[in-house]
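Residue-level structure breakdown
The chain contents come next:
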Amino acid sequence: MHIAAIAHFLRRSLLAWLLAMPLLTAPAAAAGVDPALLAPLAGDDTDAKLQAIAALGQLPEPAAAAVLQALGNDQLYATADGRVLIGDGSARATDPVTGAAVDLPSGSGTVSINNRLRRAIEAALAGSRLFSDKPNERLDAARRLQQTGDPARLPMLEKALASEKNEAVRDALLIAQANLELKSADPAKRRHAVELLGNTRNAAFRPTLAALTQERDGAYAEPDASVREAATNALKQIDRHLATIEWAGNLFYGISLGSVLLLAALGLAITFGLMGVINMAHGELLMIGAYVTYVVQTLFRAWLPGWLDWYVVAALPLAFVVTALVGMALERTVIRWLYGRPLETLLATWGISLMLMQGVRTLFGAQNVEVGNPSWMSGGFTVLGGLVLTYNRIVIIGFAFFVVFLVWVLLNHTRLGLFVRAITQNRRMADCVGVPTGRVDMLAFGLGSGIAGLAGVALSQLGNVGPDLGRSYIVDSFMVVVLGGVGQLAGTVIAALGLGGVNKFLEPYAGAVMAKITILVLIVLFVQKRPQGLFAPRGRSVE
């Protein structure tokens, strides 16, 4: 009894909130209800009240909803002469027949209701809101009616469908209509309902449709063959739509993964293509960029909380500068002495990568740190009725192509880019004609390292940041560079997007590990046939 009293109190409070006060004060809002329809509410016959409530729920007038709200909120009063008035807790009331504000007669009492009537009121309100002026209220009412099993509501749904212009509300009404028609004894209506559910392409209705085609003990759940055939066609329609969503999802996430690989491999393509350096510390440069983002986020939270949504924008140039300086220091202190000695370079940069990881563990700890998305990169939007395209991945895809464009401009329309291309094609000849190869090596290595820092900023928006972040991308980055062609920007772009797409399409069938193994085997076979990659270097090289 105590629980029932609490539930009753909560229900009354909710209905009190739903009771719009303007409906009580504006006469026009409550005008036009037939007195004969309201009369049973003032009596003691529960069945008559139920019939009156159901009838009010099918009226499109806002006054009908006002009466139902007042009844559920214990604010509907019965007068001594059999009228009903909508009270507001004071001595004033509103006549739902005329919409006029009147004095509440002495001796008037609230119309009492029980749980059975309260459930009927809630169902009736769902129907009456189908004719509301607000699309969100109509949509909520349509979704509520999807749960009802009362075929008597079909005429009301058809009436609402005839006047509904909002596409989302109309789709919800069609689903509600189909749910009711499935319970009809008329095979034509059941077939129509099955076709409606199939046209929604909603996977949630697949179990309902599949149940119609099942056979048990020699008898089908759906006796009519035409309805079963329609259910089979609807299932195929839904399955085709699900396959389309899966394909589009794999394509989107493949491009997203390819964009991350592109950012990770772009800097490596410059350094490896220019100097032939196998930089095993390249992944740790990504990690440094991600931790710079974390530090900037922390500073913004402490000192500029009002600008927190823009910390990513501030982190981009800072991550580029920090990782570029680290890369140039690495080139000047270690790598410049190891040119032409690939094994020693590999071992030295691998040792440096271990030092960088240990340094990060010392400064920030061994546990991952969280880098949150700004509000404008949070969430996403739905396409094809089920595929969610997240804003953070869309931004990263656009950012990756923007960085590629900037690198292309730098390599093809600047003096530094001219020197880089000259050294890539023939280092000795470039040195002979006055190109400062040592300084260009340092700047190119800094550029490649800075791009790795930008990739770290992007990676920080997709997951947690930890000391081992770079290890996950170093092998994939080298695969992209080798497949695309050493020093070839277009090859790097195509290889990164291709590997990302193939990986995402293989994962559902082979698993994440086998997908990577398969890709590695395919790349090895490809390089055996075409060692120069997708795009061969242009120009003559004597090295």
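Residues numbered from 1 in each chain as written. Predicted model: local features only at pLDDT ≥ 70, side-chain atom pairs only at ≥ 80, totals over all residues. Heavy atoms only, no water.

Details of the overall build of the protein
- Each helix and strand counted, the protein has 21 helices and nine strands in total.
- The globule rule puts the C-alpha radius of gyration for 543 residues at 24 Å, and the 35 Å found for the protein is more than 25% above it.
- Projecting the C-alpha coordinates of the protein onto the three principal axes gives extents of approximately 110 × 65 × 45 Å.
- Taken across its 543 residues, the protein has 44% of its residues classed as buried.
- Restricting to contacts in the protein with at least 6 residues of sequence separation, those with at least 24 account for 69%.
- Here the protein has roughly 27000 Å² of accessible surface; of this, 62% comes from carbon and sulfur atoms.
- In the protein, 45 positive and 40 negative side-chain charges are present, and the distance between their average locations comes to 11 Å. (Helix = DSSP H or I, 4+ residues; strand = E, 2+ residues; numbered from the N terminus. Rg over C-alpha atoms; globule rule 2.2 N^0.38 Å. Buried < 20%, exposed > 50% of the residue type's maximum accessible area, 1.4 Å probe, protein only. Contact = heavy atoms within 4.5 Å. Areas by Shrake-Rupley, 256 points an atom, 1.4 Å probe, with all protein chains shown as cover. Lys, Arg positive; Asp, Glu negative; His and termini not counted. Charge placed at Lys NZ, Arg CZ, Asp CG, Glu CD.)

Some points on the nonpolar core
- The biggest cluster of nonpolar side chains holds 66 residues, and the ones touching the most others in it are Val403, Val407, Tyr473 and Leu499.
- The element that contributes the greatest number of residues to this core is helix α12 (residues 225-275), accounting for eleven residues.
- Membership of the second largest hydrophobic core comes to 26 residues, among which are Leu37, Leu50, Val84 and Leu125. (Core = buried A, V, L, I, M, F, W, Y, C linked by side-chain atoms within 4.5 Å.)

Concerning the domain arrangement of the protein
- In terms of domain boundaries, the protein breaks down into domain 1 (35-182) and domain 2 (243-529).
- For domain 1 and domain 2, the distance between their C-alpha centres works out to 61 Å. (Domains from an automatic or database assignment.)

Considering the pattern of salt bridges
- Tallying each qualifying case throughout the model produces seven salt bridges.
- Close ionic contact of lysine 504 with glutamate 507 constitutes a salt bridge, the shortest N to O distance being 3.7 Å. Of the two residues, lysine 504 and glutamate 507 are both situated in helix α21 (residues 489-529); the distance of three residues between them amounts to about one turn of the helix.
- Taking the relative accessible area as the measure of exposure, lysine 504 reaches 24% and is therefore partly exposed.
- For glutamate 507, a relative accessible area of 25% gives the class partly exposed. (Salt bridge = Lys/Arg side-chain N within 4 Å of Asp/Glu carboxyl O.)

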